[in-house]
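# Understanding the architecture of this molecule
Letter by letter, the chains look like this.
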Amino acid sequence: MHLLLLGATGLVGSHVLNLALADPRVSAVTAPTRRPLPERAGLSAPVVDFDNLPQDPSIWAVDTVICALGTTLKTAGSRERFRQVDHDYPLEIARLAKAHGARTFVLNSAKGADVTSLFFYSRVKGETERDILQLGFERTVLVRPGLIDGPRQEPRPMEHWAGRVLSILDPILPPSIKPNPPHAIARAMLDAAVSATSGVTIVPSQALL
């Protein structure tokens, strides 16, 4: 399987990258990024401008796409920029990959994703799911983690303290509200990329522990 990985420098995406490069089921990984990645066997990491994506088929001609792109409102700086990163980039890349033969798309979405949500974050996630589904991949997997528990490059104080509280309460929490470790999300995404059945598969947060 030739895999296209989006968000390879992020918390979940970096775990996907490590797992994919060590997985005998994956023959090659293409991971377009904004900044260079270290050279590794089996990895092609073209530096691209996501605001002006290249049309080069050597980037987009893959079997499967795993999308772990994402940001926060604070990092993005505005609602418009957040929507661009979490909706527009994944959708445009999905179109390019499908046009060049990709049959499977695995999206790291979010628990509560809903186009009718009153919360902007959840509404954008829902819109991304909806628009990816409308492209008609043979196999689409929507992975919906809750709070992702792990160290990030940019500080997220609210998530950090929420994660600490939930970790203390972990023994008594129901699976549906436990924090999701990034390696578990990454493993679920990669396994789904390899073995997803036709149609739409939803992976809920309680399956990502």
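These numbers were taken from a predicted model, which means no experiment stands behind them.

### Regarding empty space enclosed by the protein
Evaluation of the coordinates by the stated rule reveals one cavity of 30 Å³ or more. Taken as a whole, the largest cavity encloses approximately 30 Å³ of empty space. For the largest cavity, the full set of lining residues is Leu69, Asp86, Leu107, Asn108, Lys125 and Thr128. Across the lining of the largest cavity, the residue classes tally to two nonpolar, two polar and two charged.

### So, the sheet that holds strand 6 (residues 139-143)
Spatially, 3-2-1-4-5-6-7 is the arrangement adopted by the seven strands of the open sheet, whose pairing is parallel. Each of the sheet's edge strands pairs with one partner strand only, and the pair in question is strand 3 (43-44) and strand 7 (199-203). Judged from the five bridges that link them, strand 6 and strand 7 form a sheet pairing that is parallel. Counted as the bridge partner of Val143 is Val203 from strand 7. Packed onto the sheet, helix 1 (residues 11-21) meets strand 1 (2-6), strand 2 (28-30), strand 3, strand 4 (64-67) and strand 5 (104-108) and runs at close to 165° relative to strand 1. Sheet strands in contact with helix 4 (residues 79-99) are strand 1, strand 4 and strand 5, and its direction is about 165° off that of strand 1.

Procedures and definitions
- Residues numbered from 1 in each chain as written.
- Predicted model: local features only at pLDDT ≥ 70, side-chain atom pairs only at ≥ 80, totals over all residues.
- Heavy atoms only, no water.
- 1 Å grid on protein atoms, 1.4 Å probe; cavity = no way out; pocket = protein on both sides within 12 Å on 5 of 7 lines; lining within 4 Å.
- Points joined across faces, edges and corners; volume = space filled by probe spheres on them.
- Nonpolar A, V, L, I, M, F, W, Y, C, P; charged D, E, K, R; others polar.
- Pairing = 2+ DSSP bridges.
- Helix = DSSP H or I, 4+ residues; strand = E, 2+ residues; numbered from the N terminus.
- Contact = heavy atoms within 4.5 Å.
- Axes fitted to C-alpha atoms, helices over the stretch in contact; angles between N-to-C directions.

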